[in-house]
Amino acid sequence: SGPGAVTIAEYTEMAAGKTGGLLGAAAAAGVTLGGAPELGPHLQAMGRDLGIAFQIADDILGIWGDPAVTGKPVHNDLRRDKKTLPVLAALSTGTRAARDLAALLSSGITTTPSAQHAAALIEQTGARAEAQSLATHYVTSALTTLDKHLPAAADLRTLCTTLATRPR
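These numbers come from a predicted model, not from an experiment.

Calculation criteria
Residues numbered from 1 in each chain as written. Predicted model: local features only at pLDDT ≥ 70, side-chain atom pairs only at ≥ 80, totals over all residues. Heavy atoms only, no water. Axes fitted to C-alpha atoms, helices over the stretch in contact; angles between N-to-C directions. Helix = DSSP H or I, 4+ residues; strand = E, 2+ residues; numbered from the N terminus. Parallel < 35°, antiparallel > 145°, perpendicular 65-115°, else oblique. Contact = heavy atoms within 4.5 Å. Nonpolar A, V, L, I, M, F, W, Y, C, P; charged D, E, K, R; others polar. Expected span 1.5 Å × (residues − 1). Buried < 20%, exposed > 50% of the residue type's maximum accessible area, 1.4 Å probe, protein only.

## Side note on the packing of helix α3 (residues 40-64) against helix α10 (residues 154-164)
No. 1: Orientation of α3 relative to α10, taken along the N-to-C sense of each, is 30°, at an axis distance of 8 Å. Between α3 and α10, the angle is such that the two are roughly parallel. Residues L43, M46, L50, A53, F54 and A57 of α3 pack against L156, C160, L163 and A164 of α10.
No. 2: Taken together, the residues that form the contact of α3 with α10 break down as 10 nonpolar, no polar and no charged.

Have a look at this one:
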C-alpha cells in the first residue's frame with residue numbers, strides 16, 4: 001500500500017501482457033496455422049486468461065509451495081520484495097496483519113523465520129484464498145472459452161487445467 005503501490009487491476013494487466021500474451025499468441029497461432037484462423041481471437045483470449053491464472057498460481061507456489069514438489073525455492077519472491085498477487089491483496093486489506101506485513105516488507109525479509117512470518121500474515125488477511133479464487137476465476141474463463149469454440153480439444157483442456165493447477 002502507499003504511493004506508487006501496484007493495484008490488483010494493474011497486476012492483472014501486467015500478467016495479461018506477459019504470460020497471457022505469450023500463451024494467447026501461441027494458442028492463436030496454433031489454430032491459425034492449423035487452418036481455423038476465425039478461432040484465433042477466441043483462443044488468444046483463452047490464452048490470456050490462462051496466462052493470468054498461471055501467474056497467480058505461480059505466485060501462490062512462490063509463497064506456500066513445497067520446493068521438493070515445485071522445484072523452485074519457497075519465499076524467494078518475498079525475499080526479493082516482489083509484488084505478487086497474494087502480497088498485493090494482503091496489503092490492500094487495511095488490516096493489522098496488512099500493516100504488520102507492510103512493516104516487515106519495508107524492513108526487508110532476509111531470514112527464513114521472517115519469510116514464514118510474512119507468509120502467515122498474508123494468510124491471516126485472507127489473501128491466499130483471494131488469490132486462489134481469482135486464479136480459479138481466470139482458469140474457468142479460459143476453459144469456458146475453449147469449450148465454446150474448440151469443444152473437441154480434450155488434450156488442450158487437460159493441458160490448460162494442469163498449467164493453472166500445478167503441484168503444490
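From this point, the narrative continues.
## Considerations on helix α9 (residues 127-149)
No. 1: Taking 1.5 Å per residue as the helical rise, α9 with its 23 residues ought to reach 33 Å, and the 33 Å between its terminal C-alpha atoms agrees with that figure.
No. 2: Where the residues of α9 are buried, they touch α1 (8-17), α3, α6 (85-91), α8 (112-124) and α10.

## Brief notes about the side chain of T19
No. 1: Tracing the backbone through its elements, the reader meets T19 in helix α2 (residues 19-33).
No. 2: The class of T19 is buried, set by a relative accessible area of 12%.
No. 3: Leaving out residues up to four positions away in the same chain, T19 has contacts with G51, F54 and Q55.

Everything listed here is a matter of geometry and, on its own, says nothing about what the molecule does.
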